[in-house]
Amino acid sequence: MRNCILILLFCILPVAAISQNVSVKTNVIYDATASINAGVEFSVGRKMTVDLSGNYNAWNFSGNKKWRHILVQPELRYWLCEKMNGHFFGVHAHWMKFNIGNVKMPFGLWKETAHNRFQGDLWGGGLTYGYAFLITEHINVEALVGVGYGRVIFDKYPGGNCGTVILSDKKDYFGPTKLALNLVYVF
């Protein structure tokens, strides 16, 4: 993951030096869950940008808790006034590979994860609304929320490190799909 971030930065930074239309960011909400994350956003038109964020968590926690995942969320944004400032609407997609177990999910989502382990993939997309607050010429704070659909394909295991698959199944999910409070540096 670190190599992917470095490659992205080396590809984007030369463009950033001449464009003033590129930003890099981190989501402090994901930071609070010990998930490494980074994002890059770049202009593709007068009021349009593309945002690409990635998250990675490979840690085991005490009590045999797991919240391992890799998540990628590309998004096309339309800004109401000017790019990277003020209100925006977006269309996002997401893919996640996960291994979660013995974790109580927030908002009562997927209650079975408190006593079982699940491993699989999530695919989907949704709509986003957000607002970027200018702090200085180069620093922004961006708040956003997304709702949409997710298709979860998973194997269920008894709680613990190993075990035999109890169930292989699919689930459809409608609800929150994106939440961010980003610290942003605009080039």
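Residues numbered from 1 in each chain as written. Predicted model: local features only at pLDDT ≥ 70, side-chain atom pairs only at ≥ 80, totals over all residues. Heavy atoms only, no water.

### Digging into the pattern of salt bridges
So, step 1. Under the definition given, this model contains 10 salt bridges.
So, step 2. Here Lys25 ties to Glu142 by a salt bridge, and the two come within 3.1 Å at their closest N and O atoms. Here Lys25 is found in strand β1 (residues 22–27), whereas its partner Glu142 is found in strand β8 (residues 139–158), with 117 residues between them in sequence.
So, step 3. By relative accessible area, which is 2% here, Glu142 ends up buried.
So, step 4. When salt bridges that share partners are traced, they join Lys25, Glu41, Asp51, Glu75, Arg77, Glu142 and Lys178 into one network. (Salt bridge = Lys/Arg side-chain N within 4 Å of Asp/Glu carboxyl O. Helix = DSSP H or I, 4+ residues; strand = E, 2+ residues; numbered from the N terminus. Buried < 20%, exposed > 50% of the residue type's maximum accessible area, 1.4 Å probe, protein only.)

### Remarks on the side chain of Glu142
So, step 1. At a separation of 3.1 Å, a polar atom in the side chain of Glu142 contacts the side chain of Lys25.
So, step 2. When sequence neighbours within four positions are dropped, the list of residues in contact with Glu142 reads Lys25, Glu41, Arg77, Trp79, Phe88, Tyr131, Ala132, Ala180, Leu181, Asn182 and Val184. (Polar contact = N/O pair within 3.5 Å; in protein donor to acceptor, adjacent residues only side chain to side chain. Contact = heavy atoms within 4.5 Å.)

### Focus: the packing of aromatic side chains
So, step 1. Overall, the coordinates contain seven aromatic pairs when judged by the stated rule.
So, step 2. Taking the centre distance of 6.0 Å and the plane angle of 50° together, the rings of Trp95 and Trp123 count as tilted. Here Trp123 lies in strand β7 (residues 116–134) and Trp95 lies in strand β6 (residues 86–101), a separation of 28 residues in the sequence.
So, step 3. For Trp95, a relative accessible area of 24% puts it in the partly exposed group.
So, step 4. Judged by centre distance (5.1 Å) and plane angle (75°), the rings of Tyr185 and Phe187 are edge-to-face.
So, step 5. For Tyr185, a relative accessible area of 35% translates into the label partly exposed.
So, step 6. A cation sits over an aromatic face here: Arg117 above Tyr157, 4.1 Å from the ring centre. (Phe/Tyr/Trp six-rings, centres within 6.5 Å; stacked < 30°, edge-to-face > 60°. Lys NZ or Arg CZ within 6 Å of the ring centre and 35° of its normal.)

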